[in-house]
Amino acid sequence: MRQRHRERVLEFLRTIQKPDRPLAAVAETDSLVEAGLIDSLALLEIVAFLEEQYRIDFAATGLEPELLTSVSGILDLIERESR
Amino acid sequence: MSLASGFAETARRLGQLHEDPAVVARWQAWTGPLLSRLTPPRRRALLALGALYVVVRRPLKEMAPAVDARAPAGPLVGAMVVVLCLVVVALAYLAARRFASLPAVVRGRPQLWLHGGFWAIVVLGWLVPDRGGAVALTFWGLVLALPLLLWRMGYLLLSGQRGRMASTRFSDHLLYLYPAYGGSNTPYGKGLDHLARHEAGTDEALARSQLAGLKLLLLAAIYHGLLDLMAGLVYAETRAPLSAHGLGLSRLEALLPAAGRAPWTAAWAALYAGLVWDVLKLAARGHEIVGILRVFGFNVFRNTYKPLLAPSVVEFWNRYYYYFKELLVEFFFFPTYVRRFRHHPRLRILAATLAAAGLGNLYYHLLQNDAFLLTLDWAGLRPWLEARAFYCLALALGIYVSMRREQRRRGATAATASLPTRVRRIAGVWTFFALISIWADASSATFGQRVEFFVSLFGLR
């Protein structure tokens, strides 16, 4: 299941990442913002993506922006909210 | 390799010295067993020890404008304020630890309850009949001392809300609630969650963090030197070096009350010079604070990172005062973003930006307005409020427009823009922030005088 989520998340991240940085070069636990792959504005789009695709209601669960800056953080959140 | 590219490469290597494995290894060898002894718990303990001094020192410093320590009631009031501040912090800690068992109405909006509690103290202080008595002075002291703690307690409650309190002790939280490394009402390094995430866990990581911290401390010293030079060469301030050769430029606060009677060249020069001065000053102070944090193994982001080279308004805002921006993002932007206008993407971003850079920014500065907090004099607040509210609105709209442009521009990186384009963008950012600073300057000028000054910049009187 996590693998399927990963593919979906990576596919989405490719649509918002900066074009001159390879997504594959960043470790799953690394911050995508610190690695220069996305800017902080992209976080807004990640939130909207998770709300739309996974029906996560951040108004109810609370939002910790730093958790959304790494692929593993996003996947952990999806798994936690899918339970 | 040209001279310019050679110079750039040398500068880049010098800037990244702390990442060079050979330099890190040499630092480890040089500091020897000291690094191994400075384990994370010991480093935290050292900062917590420093916090014990700040527990006493900082409230006394904050309340000084209202309470004279030499007055008969001074020492008693001082002691009361120090103890009561600590009691408030302890209550916030307990609330965060037992967050899940708090009433649902508090759990839903903990920040609102925190700030509501503060305003209750402000109103109670205002209602106390005997204005010169010990009770009234204690309230005044609290009203002036608590704003330093408010946003820090906000991060503490966020920790509780996110279930991160279990493995932490009160002393861990003391180190950022009463920061021995310094800081304003804005918590540099944020709360324990953020600090812990960037805490060095190995000797090598500590060495790297310390080298990065020392670099910032060195940069801070250089910036202080530049500020001194600027005070002499640009403003010709008599106590500054080389002031005899200075241009003698006026500062913005001196020109504003003249409401546009200064030559337009002097007015524009004051605006741009003021922007550079503000950036240097903030960077120097921020580098000192973050530098100390890094020496203690908390390798957190800089507060200021080359904002004068930012190619967009939103980028400048991100790089100029990082921890203030983060405060506004965590406490105002995202709470609005996840709750309001979810099916209207543009309106959603606009509302969140207005909540953070507009309303949140205005509220943050209101908490620094000592005269208002002590008197609740709305009529006296008006000149400040008009100017500051206009500044916050202009800033928020500027950031919103810039965010939208950046979103549309995504795909074309700054590196692909030509040099003239990049220079034009940077100049635009300078001009935007210089112009809105007319309404942020702390001078006593009225809103009308500030508008007159603004129109005089374009030859209109």
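As the structure is a prediction and not an experimental result, all values here were calculated from the model.

Things to note about the overall build of chain A
Here is step 1: Across its full length, chain A carries four helices and zero strands.
Here is step 2: Secondary structure elements in chain A, listed N-terminal to C-terminal, are α-α-α-α.
Here is step 3: Here the C-alpha radius of gyration of chain A, 12 Å, is about what a compact globule of 83 residues would show, namely 12 Å.
Here is step 4: Projected onto its principal axes, the C-alpha coordinates of chain A cover approximately 35 × 25 × 20 Å.
Here is step 5: Within chain A, buried positions represent 27% of all 83 residues.
Here is step 6: At a minimum sequence separation of 6, the contacts of chain A that also span at least 24 residues come to 47%.

Quick word on helix α4 (residues 71–82) of chain A
All names here are of chain A.
Here is step 1: With twelve residues, α4 should reach 16 Å at 1.5 Å per residue; the first-to-last C-alpha distance of 16 Å fits that figure.
Here is step 2: Those residues of α4 lying buried are V71, I74 and L77. The buried side chains of α4 occupy one side of the element, clustering within an arc of 130° when seen end-on. Exposed side chains of α4 directed beyond 90 degrees from the buried face belong to E79 and R80.
Here is step 3: Against α1 (2–16) and α2 (42–54) lie the buried residues of α4.

A closer look at the environment of L397(B)
Here is step 1: Checked against the element boundaries, L397(B) lands in helix α18 (residues 378–409).
Here is step 2: Considering only alpha carbons, one finds L397(B) and S444(B), 47 residues apart in sequence, at a separation of 25 Å.

Regarding the interface of chain A and chain B
Here is step 1: Listed as interface residues are 15 residues of chain A and, on the opposing side, 17 residues of chain B.
Here is step 2: Looking at the side of chain A that touches chain B, the elements that each hand over two or more residues are α2 and α3 (58–61) of chain A.
Here is step 3: Per-element tally for the side of chain A that touches chain B: the top contributor is α2(A), with three residues.
Here is step 4: In terms of residue class, the side of chain A that touches chain B is made up of eight nonpolar, two polar and five charged.

A few points about the nonpolar core
Residues and elements named next belong to chain B.
Here is step 1: The biggest cluster of nonpolar side chains holds 127 residues, and the ones touching the most others in it are A92, W140, L328, F333 and I399.
Here is step 2: Tallying contributions element by element places helix α8 (residues 134–161) first for this core, with 17 residues.
Here is step 3: Viewed by domain, this core spans two of them, domain 1 (34–197) and domain 2 (248–456), each represented by three or more residues.
Here is step 4: The contact partners of I399, leaving out residues within four places of it in the chain, are V313, V314, W317, T353 and A357.

A few points about the confidence of the model for chain B
Here is step 1: Per-residue pLDDT for chain B averages 92, and the proportion of residues at 70 or more is 98%.
Here is step 2: In the predicted assembly, ipTM is 0.89 and pTM is 0.92.

A word on the domain arrangement of chain B
Residues and elements named next belong to chain B.
Here is step 1: By the assigned domains, chain B splits into domain 1 (34–197) and domain 2 (248–456).
Here is step 2: Taking only C-alpha atoms into account, the centre of domain 1 sits 27 Å from that of domain 2.
Here is step 3: Counting from both sides, the interface comprises 27 residues of domain 1 and, opposite them, 23 residues of domain 2.
Here is step 4: At the level of secondary structure, the elements contributing two or more residues to the side of domain 1 that touches domain 2 comprise α4 (40–63), α7 (110–127), α8 and α10 (192–197).
Here is step 5: Grouping the constituent residues of the side of domain 1 that touches domain 2 by class yields 17 nonpolar, eight polar and two charged.

Quick word on the packing of α1(A) against α4(A)
Residue and element names in this part refer to chain A.
Here is step 1: The N-to-C vectors of α1 and α4 enclose an angle of 125°; their axes lie 10 Å apart at closest approach. On the basis of the axis angle, α1 is oblique to α4. When you trace α1 past α4, the crossing you get is right-handed. Seen from α1, the contacting residues are R2, H5, R6 and V9; seen from α4, they are V71, I74, L75, I78 and E79.

Rules used throughout
Residues numbered from 1 in each chain as written. Chains lettered and ligands numbered in written order. Predicted model: local features only at pLDDT ≥ 70, side-chain atom pairs only at ≥ 80, totals over all residues. Helix = DSSP H or I, 4+ residues; strand = E, 2+ residues; numbered from the N terminus. Rg over C-alpha atoms; globule rule 2.2 N^0.38 Å. Buried ≥ 20, exposed ≤ 12 C-beta atoms within 10 Å, placed from the backbone. Contact = placed C-beta atoms within 7 Å. Expected span 1.5 Å × (residues − 1). Arc of directions from axis to C-beta. Nonpolar A, V, L, I, M, F, W, Y, C, P; charged D, E, K, R; others polar. Core = buried A, V, L, I, M, F, W, Y, C linked by C-beta atoms within 7 Å. Domains from an automatic or database assignment. pLDDT = per-residue confidence, 0-100. Axes fitted to C-alpha atoms, helices over the stretch in contact; angles between N-to-C directions. Parallel < 35°, antiparallel > 145°, perpendicular 65-115°, else oblique. Left-handed = near helix turned anticlockwise from the far one by under 90°.

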